[in-house]
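# Examining the three-dimensional arrangement
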Amino acid sequence: MAYFRKRTNGWEYRISYKTPDGKYKQKSKSGFRTKSEAVRAASEAELNLEKYTHIDKDITFADYFYKWYTIHRIQNVRIGTIKNYEATHLVIQKYFKNTKIATVTPSEYQEILNKMGESYRKGTLRTINSKIKACAKYAVMDGIINVNFAELAKVYSTVPQKREDEKFLTMAEYHSLINLTKNNGHEHRDLQLYVLAVTGMRIGESVGLTWEDIDLKKGEIHINKTWNIYTNDGFAKTKNKQSIRTVPIDDITIRLLKEFKEKFWKPNRYNRIFSSTAQSYLNKRLKVLVGRSVHVHSLRHTYVSFLLANGIEVLTISKLIGHKDPTITLNTYSHLLQEKEIEDFQRIKKIFRSNLGHNPSKPL
């Protein structure tokens, strides 16, 4: 079955088919002026491929999912995302075992999804379900199933969500951490924790920093790449194009980086500032400094919280942390924005009282 999408050079069709030897292949063509032209061309192509096409309706759910993401997903995603697909594949193997994908019904899928909710948090389960739903969509197009059994599924979980205090440091903890790491930057990778705390960058971005990325005169860090923390064999692209960004740093940070470069930094093959990739060590060190279990990614969340508390606009914050658009920032930090909304309501009342309340008869 063909799949159609509009591209910059016109409409494209893409056909997935299975050859008699069991291999999955694709045929695509683009440049059609209208979708109708693409549909007609795809129909002709499918007729020509018919003698080679083999729909294996006995394929298991787990096997189809594996073939689907290796054909349609891994070419355009980062290694971290591929690992998420691999994890979902293991979940399908665990809960569906040798179930044929052609036999899965919406009710059966919802029942198993509910059972998964006894072991996985809602956010994790939502991610798993979204991948399965995308996979089932292709199974419909391949003619293996008639309806997408995951299309109307609802995600429920009895596993408690992470507490907010596990995601954020309090302002007192944040200030204390900055002071501790600032005074001990040359040991225990404390300078890396300090930089993460005052820039909101991702761990992979910090490991990918080179001295060429630091403009000490302007007080700016240019984030334009990451380090491949999964293979540890070289630089990698940023999460998305929006992640290529510039983050300001203050005079104290500039001084600390200068001092580190002059006195403590050790040259390495790639000229990286922080050459160690052991994230687990940073988590342990952070736990020691804060006094409770928090993840290094909590520094990124706390950075956003700190900026919001100090009146920085959401649009600016969204650019600083490399989100695709402000909507992601709004959704991710909605509870913080609700607190700010209450403060803003009071400010709005105060503005009107101070500007209009003293002389209500005066025309605007």
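Refer to the preceding data block for the structure.
All values derive from a computational prediction rather than experimental measurement.

## Looking at the overall build of the protein chain
The secondary structure content of the protein chain amounts to 15 helices and eight strands. Contacts spanning at least 24 positions in sequence make up 62% of the contacts within the protein chain whose residues lie at least 6 apart. Accessible area for the protein chain stands at about 21,200 Å²; split by element, carbon and sulfur atoms hold 52% of it.

## Things to note about the pairing of strand S8 (residues 245-248)
Side-chain alternation along S8 places Arg245 and Val247 on a buried face and Thr246 and Pro248 on a face that remains uncovered. Across four bridges, the pairing between strand S5 (residues 220-223) and S8 is antiparallel. Bridging from a neighbouring strand, His222 pairs with Thr246 of S8.

## Thoughts on the packing of aromatic side chains
Considering all chains together, one arrives at 18 aromatic pairs under this definition. On the basis of an interplanar angle of 15° and a centroid distance of 5.7 Å, the ring pair of Tyr69 and Tyr85 is categorised as stacked. Of this pair, Tyr69 sits in helix H2 (residues 61-72) while Tyr85 sits in helix H3 (residues 79-96); the two residues are 16 residues apart in sequence, bridging distant segments of the chain. Aromatic rings pair up to connect Phe65, Tyr66, Trp68, Tyr69, Tyr85 and Tyr138 into one cluster. Over the face of the ring belonging to Tyr85 we find Lys131, whose NZ or CZ atom lies 4.9 Å from the ring centre. In this structure, Lys225 is placed above the aromatic ring of Phe235, and the distance from its NZ or CZ to the ring centre is 5.3 Å.

## A look at the environment of Ala172
For Ala172, the position within the fold is in helix H7 (residues 171-182). Along the sequence, Ala172 and Val290 sit 118 residues apart, while their C-alpha atoms lie 9.9 Å from each other.

## Comments concerning helix H8 (residues 190-199)
Taking burial as the measure, the 10 residues of H8 include 10 buried ones, the bulk of the element. Every buried residue belonging to H8 is among Asp190, Leu191, Gln192, Leu193, Tyr194, Val195, Leu196, Ala197, Val198 and Thr199, and all of these are buried. Of the residues trailing H8, Gly200 is marked for its positive phi of about 75°.

Parameters at a glance
Residue positions are given per chain, counting from 1 as you read along its sequence in written order. Selection of residues for local features in this predicted model requires a pLDDT of at least 70, selection of side-chain atom pairs for listing and counting requires 80 or more, and totals for whole chains, interfaces and linings are taken over all residues. Each side-chain value is derived from all of the structure's non-hydrogen atoms; neither hydrogens nor water enter the calculation. A run of DSSP states H or I qualifies as a helix once it reaches four residues; a run of E qualifies as a strand once it reaches two. Both are numbered from the N-terminal end. We call two residues in contact when some of their heavy atoms are within 4.5 Å. For the area figures, the Shrake-Rupley method with a 1.4 Å probe applies, and any residue is considered shielded solely by the protein chains shown. Here's how the labels work: a residue is buried when its accessible area is under 20% of the maximum for its type, exposed when over 50%, partly exposed in between, all with a 1.4 Å probe on protein chains only. Pairs of strands are assigned from DSSP output, requiring at least two bridges between the strands. Within 6.5 Å between ring centres, the rings of Phe, Tyr and Trp (the latter by its six-membered ring) count as paired, and their orientation is classed by plane angle as stacked under 30 degrees, edge-to-face over 60, tilted in between. Here, over-ring charges are defined by two tests on the NZ atom of lysine or the CZ atom of arginine: distance to the ring centre within 6 Å, and angle to the ring normal within 35 degrees.

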